[in-house]
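Structural description and commentary
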Amino acid sequence: MSTREIYRSTLAELAEKDPRVFCVDSDMGGLETGFGVQFPERYVNVGIAEANLMGVSAGMASMGLRPYANTISSFAACRACEQLKVDIAGNNLPVRVVVTHAGFSAGHYGPTHHALEDIAIARTLPNMTVVVPADAVETEAAVWATAELPGPLFLRLGRAATPLVHDEPIEFVLGKAARLRDGDDLTIVATGPFPVVMALRAHEVLAAEGIGARVLNMHTVKPIDREALIAAATETGAVVTVEDHVSSGGMGGAVCEVLAETVPCPVRRIGVPDGFFDMVGGEEELLVATGVSTDSIVAAARALCHGSGERKGVR
């Protein structure tokens, strides 16, 4: 299943246990025939009106309910940013803003639906928790783990199915990176479905060359796992970050902020470059076309490990 599909089925399970849970829809398609049929008295469709979606959800949360506001990521972060900031984040309300079509996952719709700046926007909002699951398994765990979060949540999901990172249920610990592979030569920090898959592929390529790459799945971008990052810099001496987002302001930027203030070390950020990409295509196809790929990660790792004294004195 895709992260979107597993989220919807998990939301229905959560609603069975918690009468405070409401589904607030922006005419996304599918929620009305799923959640809306199961819980018609707790399903609200505001239509394609994202600013209204945020305001209505904030009002519901202020009355003790647990609204899950559903929309497309580019619309939540940009079109409804003021309401997201003022109504929800500013008031520290427990609204779960669940966005799909993140990154290039709506690449078939073209640049109007590319959501490449959403993490940068969401993580700077007050009180906002930002979670980016790596696959359907982690999405299910994240929905349950954040159910009682006292403040707002930005849950960033894709659209279509992506490769599984986990083949069995996992424990999701908010704010704690998941170490997927061990390594002592450098650390690859990834967030998002394809970036994590690419990081795991890069680990295998590098291992065949004798390079040990630790792989961290940074599923919680805010609050970011400072302890894991400091350990990575101290123990491996170099970091490569990977994300389906512009390379400025996102998870890579958050990693650099932590390390610059604690354990400075060489960092290479793999992300979408600055630009407006008038491109239509599949999610992985567009990521590779804009420089986010297994090959890019491997090249960055090789450069760090075989660089001309750049890492001297770090470890």
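The rules behind these values
Residues numbered from 1 in each chain as written. Predicted model: local features only at pLDDT ≥ 70, side-chain atom pairs only at ≥ 80, totals over all residues. Heavy atoms only, no water. Helix = DSSP H or I, 4+ residues; strand = E, 2+ residues; numbered from the N terminus. Polar contact = N/O pair within 3.5 Å; in protein donor to acceptor, adjacent residues only side chain to side chain. Contact = heavy atoms within 4.5 Å. Buried < 20%, exposed > 50% of the residue type's maximum accessible area, 1.4 Å probe, protein only. Pairing = 2+ DSSP bridges. Right-handed = clockwise from strand over helix to strand, strands pointing away. Axes fitted to C-alpha atoms, helices over the stretch in contact; angles between N-to-C directions. UniProt positions renumbered as here; feature names shortened; annotations may be inferred.

Topic: the side chain of Thr146
Relative to the helices and strands, Thr146 is located in the loop between helix 7 (136–145) and strand 6 (153–156). A distance of 2.7 Å separates the side chain of Thr146 from the backbone oxygen of Ala142, its partner in a polar contact. Aside from chain neighbours lying at most four places away, what touches Thr146 is Arg96, Leu153 and Leu174.

Structural notes on the side chain of His219
By the element assignment, His219 lies in the loop between strand 9 (213–217) and strand 10 (220–222). Overall, the relative accessible area of 2% leaves His219 in the buried class. Side chain to side chain, His219 and Thr220 meet in a polar contact 2.9 Å long. Residues contacting His219, with those up to four places away along its chain left out, are Val130, Val131, Val132, Glu138, Phe172, Val173, Lys176, Ala178 and Thr191.

Observations concerning the pairing of strand 12 (residues 267–272)
Here strand 11 (residues 239–246) runs beside strand 12; their pairing, made up of five bridges, is parallel. Paired with Val242 across the two strands is Ile270, which belongs to strand 12. Each parallel crossover has a hand, and for strand 11 linked through helix 10 (residues 251–261) to strand 12 it is right-handed.

Looking at the sheet that holds strand 10
Within the open sheet, the seven strands sit side by side as 2-1-3-4-6-5-10. Their pairing is mixed. Each end of this open sheet is capped by a strand with a single partner; those strands are strand 2 (43–45) and strand 10. The mean inter-strand angle of the sheet, taken between neighbouring strand axes irrespective of direction, is 20°. On the sheet, helix 3 (residues 50–62) packs against strand 1 (21–25), strand 3 (66–72) and strand 4 (96–100) and is oriented at approximately 170° with respect to strand 3.

Here we look at the UniProt feature "domain: Transketolase-like pyrimidine-binding" (unreviewed entry) in the chain
Look at the UniProt record and you will see "domain: Transketolase-like pyrimidine-binding" (unreviewed entry) annotated at residues 1–164. Secondary structure over residues 1–164 splits into 39% helix and 16% strand, and the C-alpha atoms at its two ends are 9 Å apart.

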